[in-house]
Amino acid sequence: IDVIETLPFEMHPSFKKNPSVQIVDTNPLGLSFILRFNHLQPPFNNVKVRQAAMAAMNQPAFLQTQVVDPELYHTCFSIYPCGTPYTSSNGMEFIARPDMNRARQLLKESGYDGTPVVLLQQTDQATLSRLPGVARQLLMQAGFKVDVQAMDFKALVARRAQKAGWSIFLTFNSSVQSMNPASNNWLNAAGYPGAQVGWPSDPKLESLLDAFAIAQTDAERRRIAEEIQVRAMAIGAFVPLGNYVVKVAARKTVTGFVTGFFTVYWNVEKKS
């Protein structure tokens, strides 16, 4: 083996110590973990229930459990990857300051009736498989009943495409996609069937996205992007769970890696 394109998180420290191996960061902008609600079905068709779940979420818990190595992740309390032009902390109070007592109070105020949260867990995606366990623990601490259903990723994709039969799944998003409101499809709030799976419906958010698309200046785009973030978090469109990078491991005889948004091999060669 000359190249491991997606180095498993737990193997990063040992490979970094190997004198014949180089660790290559071909995508320094990285990716983001997100949690998505089913906005169509109970219990998350209630915005206050979504807010209760958001208040219970804890980015460090997800990142430490899934990624482990602190060199590969960082918390980011914005829907836009940290360090990109539209990064802002406005509207991110639920995420930046998790509060289990607040989560329990919001859940009580919501009238939550004990409807089980059907939490989908993908078993064959190493970069995601531990996240549902963290979500389960935090949701239960907040007072939710949780039903974790394990399946392979293909089955999960088929299940989440259905209007019913699930409440939450966790996935990742490319930072190059999520850094701009116009390209982040998790912000689409056109409802069913127009929005991305989960199907939030919010005319105000849709109006803001339209305004961003036709804005004429950088200052105007930054202002609207911030308003989009505030509105997306107010309705619980999705939950951002931090940023991370996946690195390439290669023998030192392999050269020419190109930095970009994913690994390409246009310039790569192996020296004898």
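Computed from a predicted model, the values in this text were never measured in an experiment.

Tell me about the overall build of the protein, residues and numbers included.
On a plain count of helices and strands, the protein comes out with 10 helices and 11 strands. Taking 272 residues into account, the globule formula puts the C-alpha radius of gyration at 19 Å, and the protein, at 20 Å, falls close to it. If one aligns the C-alpha atoms of the protein with their principal axes, the spans along those axes are about 65 × 45 × 35 Å. The buried share among the 272 residues of the protein stands at 46%. Here the analysis covers contacts within the protein between residues at least 6 apart in sequence; of these, 75% occur between residues at least 24 apart. As displayed, the protein has an accessible area near 12,600 Å², and 51% of this comes from carbon and sulfur atoms.

I'd love a proper account of the packing of aromatic side chains, names of residues and values included.
According to the stated counting rule, one finds 11 aromatic pairs in the structure shown. Ring plane angle 15 degrees and centroid distance 4.1 Å describe the contact between Phe33 and Tyr244, whose orientation is recorded as stacked. On the criterion of sequence distance, the pair formed by Phe33 in strand β3 (residues 31-37) and Tyr244 in strand β8 (residues 239-244) is long-range, its members being 211 residues apart. What makes Tyr244 buried here is its relative accessible area of 3%. Consider the rings of Tyr112 and Phe144, whose centres lie 5.2 Å apart with planes at 55 degrees: the pair is tilted. Taken together, the residues Tyr112 in the loop between α5 (100-110) and β5 (117-122) and Phe144 in the loop between α6 (131-142) and β6 (146-151) connect sequence positions 32 residues apart. Among the residues examined, Tyr112 registers a relative accessible area of 16% and is labelled buried. Among the aromatic residues, ring-to-ring pairing joins Trp166, Phe169, Trp186, Tyr192 and Trp199 into one connected group. It is Lys163 that lies over the ring of Tyr192; its NZ or CZ is 4.6 Å from the centre.

Report on unusual backbone geometry, specifying residues and quantitative values.
Residues Pro42 and Pro43 are joined by a peptide bond in cis, for which omega reads 5 degrees. Residue Pro193 follows Tyr192 across a cis peptide bond; omega there is 0 degrees. Within the element layout of this structure, Pro193 appears in the loop between α8 (175-178) and α9 (203-214). At Val68, a position not held by glycine, the phi torsion is positive, near 75 degrees. A relative accessible area of 44% places Val68 in the partly exposed class. A positive phi angle, near 55 degrees, is found at Trp199, a position not held by glycine. Structurally, the position occupied by Trp199 is in the loop between α8 and α9.

The rules behind each value
- Position numbers for residues start from 1 in each chain and track the written sequence from start to end.
- Residues qualify for local features only when their pLDDT is at least 70, as the model is predicted, and side-chain atom pairs are given and counted only at 80 or more; totals for whole chains, interfaces and linings, by contrast, use all residues.
- To get the side-chain values, take all heavy atoms of the structure and skip hydrogens and water.
- The helix and strand labels rest on DSSP assignments: H or I over at least four residues marks a helix, E over at least two residues marks a strand, and numbering proceeds from the N terminus.
- With the radius of gyration taken over C-alpha atoms, the globule rule is written as 2.2 Å times the number of residues to the power 0.38.
- The cut-offs for exposure are 20% and 50% of the maximum accessible area for each residue type, with area from a 1.4 Å probe on protein chains only; residues under the lower value are buried, those over the upper are exposed, and the others partly exposed.
- Residues count as neighbours in contact if any of their non-hydrogen atoms are within 4.5 Å of one another.
- Only the protein chains shown count as cover for residues, with accessible areas throughout obtained via the Shrake-Rupley method and a probe of 1.4 Å.
- The pairing test for Phe, Tyr and Trp rings, Trp by its six-membered ring, is centres within 6.5 Å, and the orientation test on the planes gives stacked under 30 degrees, edge-to-face over 60, and tilted for anything in between.
- Counted as over-ring charges are cases with an Arg CZ or a Lys NZ within 6 Å of the ring centre that also lie within 35 degrees of the ring normal.

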